[in-house]
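Per-entry structural report
This is what each chain is made of:
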Amino acid sequence: MAGILFIISAPSGSGKSTLVNELRKQVSGVDFAISWTTRAPRGSEEHGREYCFTTREEFERMLAAGLFLEHAEVFGNLYGTARQSLDEARAAGHDLLLDIDVQGAAQVRAKMPEAVGIFVMPPNPRVLRTRLRNRSRAEGVVNEEEVYRRLREATKEIENYREYGYILVNDILDRAVAQLEAIVLAERFYRNGEPIAYRSRRVLEVAAACLHSNSQERLKPVLEAFGVLGTSGQQQLPFGDDPHDD
Ligand code: ADP
Ligand code: 5GP
């Protein structure tokens, strides 16, 4: 039976890695594609665990050799998914989860329209700023310029939410984890007829509520907070420019 390809995208700091780590603890049979990147390891990251770290030269050599399923430049660094990740998951009959940005997601969708897209949003810009700062502090480097760069980029990324079949708002972590798990189990049920034990009805309801098409009311305050609902195209972060304002 063919595995399902899940693509998860989110503005940096939304909690995507946290959600994916929790999902991996709770659901078996989902492989996680370890991306290649030219950025330096952060905090306790290890080569081969969070990312495969490499140089720009080596990345470009791999790119020229056609080793990537998709790739993109994000915050000045190159990121790419090795085709090998997909081949290995297919050979094992496992589902595969790609944690990639909106540019990479568009490339994968063009090649594999059957992929399941999940977009994770933070509840509002203030929460996102706090999470970005907390993560920086935990890693021992608080770079306010970088926090602001990522905040500005978040608004642009959120504009792509319509391209994803499912939308998660990562407000309360346990709830978002349960929603992500429900999406995986529901897709397995619908696509592969895989049974979902006694919780099945609830799981299907939770997943259905996360469908993009059922999320308009839930998303409205989030999109408004990020200034994405307007039509002017001129978005501003809805708090002052003082990086120390909290
Ligand atoms: P991403 O992978 O999207 O860049 P991370 O998973 O690294 O984001 O999360 C950014 C920060 O936010 C981390 O410090 C993480 O512990 C915290 N975080 C993630 N989800 C939540 C949540 N629901 N509530 C509070 N803090 C969270
Ligand atoms: P970070 O450096 O914070 O881990 O990730 C920055 C951004 O790069 C995130 O949006 C993340 O999803 C994205 N990213 C990570 N790996 C890949 C990849 O293989 N391809 C693409 N296109 N984006 C990636």
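Criteria and thresholds
Residues numbered from 1 in each chain as written. Chains lettered and ligands numbered in written order. Predicted model: local features only at pLDDT ≥ 70, side-chain atom pairs only at ≥ 80, totals over all residues. Heavy atoms only, no water. Near = heavy atom within 4 Å. Polar contact = N/O pair within 3.5 Å; in protein donor to acceptor, adjacent residues only side chain to side chain. Areas by Shrake-Rupley, 256 points an atom, 1.4 Å probe, with all protein chains shown as cover. Helix = DSSP H or I, 4+ residues; strand = E, 2+ residues; numbered from the N terminus. Nonpolar A, V, L, I, M, F, W, Y, C, P; charged D, E, K, R; others polar. Core = buried A, V, L, I, M, F, W, Y, C linked by side-chain atoms within 4.5 Å. Buried < 20%, exposed > 50% of the residue type's maximum accessible area, 1.4 Å probe, protein only. Contact = heavy atoms within 4.5 Å.

Looking at the site of ligand 2
Residues in close proximity to ligand 2 total 18 residues, the closest being Lys16, Ser35, Arg39, Tyr51 and Tyr79. Take serine 35: an N or O atom from its side chain is 2.7 Å from an oxygen atom of ligand 2. Notes on ligand 2: free accessible area 510 Å², of which the protein chains cover 96%. Contributing elements (two or more residues each) for the shell around ligand 2: strand 5 (68-74) and strand 6 (77-82). When its residues are assigned to classes, the shell around ligand 2 shows 6 nonpolar, 5 polar and 7 charged.

Some thoughts on the nonpolar core
Residues Leu5, Leu98, Val108, Phe119 and Met121 are the most contacted members of the largest nonpolar core, which totals 32 residues. No other element matches the 5 residues that helix 6 (residues 144-158) contributes to this core. Apart from the residues within four sequence positions on either side, leucine 5 is in contact with Leu86, Leu96, Leu98, Val108, Met112, Ala115 and Val116. Residues Phe32, Val116, Ala182 and Ala186 belong to the second largest nonpolar core, which totals 30 residues.

Focus on the site of ligand 1
The environment of ligand 1 is made up of 13 residues, and the closest members are Gly13, Ser17, Thr18, Arg135 and Asn170. Contact distances for ligand 1 include 2.4 Å between an oxygen atom and a side-chain N or O atom of serine 17. Out of a free accessible area of 570 Å², ligand 1 has 74% covered by protein chains. When contributions to the shell around ligand 1 are tallied by element, the ones reaching two or more residues are helix 1 (16-26) and helix 5 (125-138). Counting residues per element, the shell around ligand 1 draws most heavily on helix 1, at 3 residues. Grouping the constituent residues of the shell around ligand 1 by class yields 2 nonpolar, 7 polar and 4 charged.

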